[in-house]
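Architecture at a glance
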Amino acid sequence: MTPPSPAPVRPQLVALDGGCFTGKTTLATVLASQLDANAVPEYADLAPLPPYPPRTLDDVRSGLDHLCRLEQQRTDLTRRLRTDLVLFDRSPLSCIAYQQAIGHLGVPADPHYAAGIFTDAVHAGTTLPPDRYLYLRLPRETVLARQRHRGPVQPHLVDPRFTAANDHASLRYLAMLPDDRRLILDADRPVSQLAATAAAFLATPPASPVPVAWTRMLDTSHGQLRTPAPYRA
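Residues numbered from 1 in each chain as written. Predicted model: local features only at pLDDT ≥ 70, side-chain atom pairs only at ≥ 80, totals over all residues. Heavy atoms only, no water.

1. Examining helix α4 (residues 111-124)
Because an α-helix completes one turn every 3.6 residues, residues spaced three or four positions apart along the sequence face the same direction. Taking 1.5 Å per residue, 14 residues should reach 20 Å; α4 reaches 20 Å between its end C-alpha atoms and fits that length. Residues of α4 that are buried include every one of P111, A114, A115, G116, I117, F118, T119, A121 and V122, and no others. Structurally, α4 contributes buried residues whose contacts are with α2 (57-80) and α3 (92-102). Following α4 by one or two positions, G125 adopts a phi angle in the positive range, close to 85°. (Helix = DSSP H or I, 4+ residues; strand = E, 2+ residues; numbered from the N terminus. Expected span 1.5 Å × (residues − 1). Buried < 20%, exposed > 50% of the residue type's maximum accessible area, 1.4 Å probe, protein only. Contact = heavy atoms within 4.5 Å.)

This is the structure in structure tokens:
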């Protein structure tokens, strides 16, 4: 009788999150080359993003359903890869924080629906939660300088109300995680230094449980959390 084949080993999944122009894609590309890993592109590279601004909450939820389907596509790709490390350019954390941030701009938003569908997808096994997060932070003046160099984006993405709220929401979730599950990076540093710091962080396997439930980021008072500071070597 032929013994059953062993279950495939799931690669370590690392999400790179942060605002526009923080260098997520660049860092993912460098790390993929240095660590013999695969970089999975962000949602906008796979399909058009939902239009902005949404007109109604139904538009918001339809757009989030679309993003969750893209996350399932990225998960399917990850499960086919033969590698020990996969780097996700953005993650559901970005989608949930985005919903919290656009709510500060007076347009329809539903962060609870966002957190719920992505968390439910993990529990259903159709998507995978990141094992660890690399979060890139950048001073506003550097964001604007990079925007002038690289070209325009939708204005709301660099609106100071949006960027502050997006950063706040993301860090609120990351502050709940153990130190071995998240690294906050000062994206003003050269990419070679960022890559070296990230590689050293990823070289030590985490001992804490895999973080799953994004719904927690909506239910905990920010005042009770210690916001992690960006790492500088």
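2. Looking at the pairing of strand β4 (residues 132-137)
Where burial is concerned, most of β4 is hidden: five out of the six residues are buried. Bridge analysis of strand β1 (residues 12-18) against β4 gives five bridges, and the strand direction is parallel. Note on β4: the bridge partner recorded for L16 is L134. Taken together, the five bridges between β4 and strand β5 (residues 182-186) define a ladder with parallel strand orientation. Of the residues in β5, the one forming a bridge with L136 is L185. (Pairing = 2+ DSSP bridges.)

3. Digging into the confidence of the model for the protein
On average, residues of the protein score 91 in pLDDT, and 90% of them are at 70 or above. This model gives residues 220-225 a pLDDT under 50, and the stretch forms ten contacts once residues within four places in sequence are excluded. (pLDDT = per-residue confidence, 0-100.)

4. Describing the nonpolar core
Counting 32 residues, the largest nonpolar core has L27, L31, L87, L134 and L185 as the members making the most contacts within it. The leading source of residues in this core is helix α7 (residues 191-203), at six residues. When near neighbours in sequence (up to four residues on either side) are disregarded, L31 contacts D36, L87, L134, A195, A198 and A199. Formed by 30 residues, the second largest nonpolar core is a distinct cluster that contains L64, C95, Y135 and Y173. (Core = buried A, V, L, I, M, F, W, Y, C linked by side-chain atoms within 4.5 Å.)

5. Concerning unusual backbone geometry
Negative phi characterises most residues that are not glycine, and trans characterises most peptide bonds. In this structure, the amide linkage connecting Y52 to the following residue, P53, adopts the cis form with an omega of 0°. Relative to the assigned elements, P53 resides in the loop between β2 (38-40) and α2. In the Ramachandran plot, F21 falls in the positive-phi region, its phi being about 70° despite a non-glycine side chain. Counting through the fold element by element, F21 comes out in the loop between β1 and α1 (24-35). With a relative accessible area of 11%, F21 lands in the buried category. Backbone geometry at D36 places phi at a positive 55°, although glycine is not the residue there. If you trace the backbone, D36 turns up in the loop between α1 and β2.

6. Section: the pattern of salt bridges
Using the criterion set out here, one finds eight salt bridges in the structure. Residues D59 and R55 are paired through a salt bridge, measuring 3.1 Å at the closest nitrogen-oxygen approach. A relative accessible area of 70% places R55 in the exposed class. Among the salt bridges present, the one from D110 reaches R61, with a minimum N-O distance of 2.8 Å. (Salt bridge = Lys/Arg side-chain N within 4 Å of Asp/Glu carboxyl O.)

7. A short note on the packing of aromatic side chains
Within the structure shown, the criterion is met by two aromatic pairs. For the ring pair Y98 and F162, a centre distance of 5.5 Å and an interplane angle of 70° mean the geometry is edge-to-face. Note that Y98 is positioned in helix α3 and F162 in helix α6 (residues 160-174), a separation of 64 residues in sequence. The class for Y98 is partly exposed, based on a relative accessible area of 24%. Consider the rings of Y133 and Y173, whose centres lie 5.8 Å apart with planes at 75°: the pair is edge-to-face. (Phe/Tyr/Trp six-rings, centres within 6.5 Å; stacked < 30°, edge-to-face > 60°.)

8. Describing the side chain of K24
Tracing the sequence through the fold places K24 in helix α1. It is D89 that comes nearest to the buried, bridge-free K24 among opposite-charge side chains, at 5.2 Å. Separated by 2.8 Å, the side chain of K24 and the backbone oxygen of G19 make a polar contact. Excluding residues within four positions of it along the chain, K24 makes contact with L16, D17, G18, G19, D89, R90 and L136. (Lys, Arg positive; Asp, Glu negative; His and termini not counted. Polar contact = N/O pair within 3.5 Å; in protein donor to acceptor, adjacent residues only side chain to side chain.)

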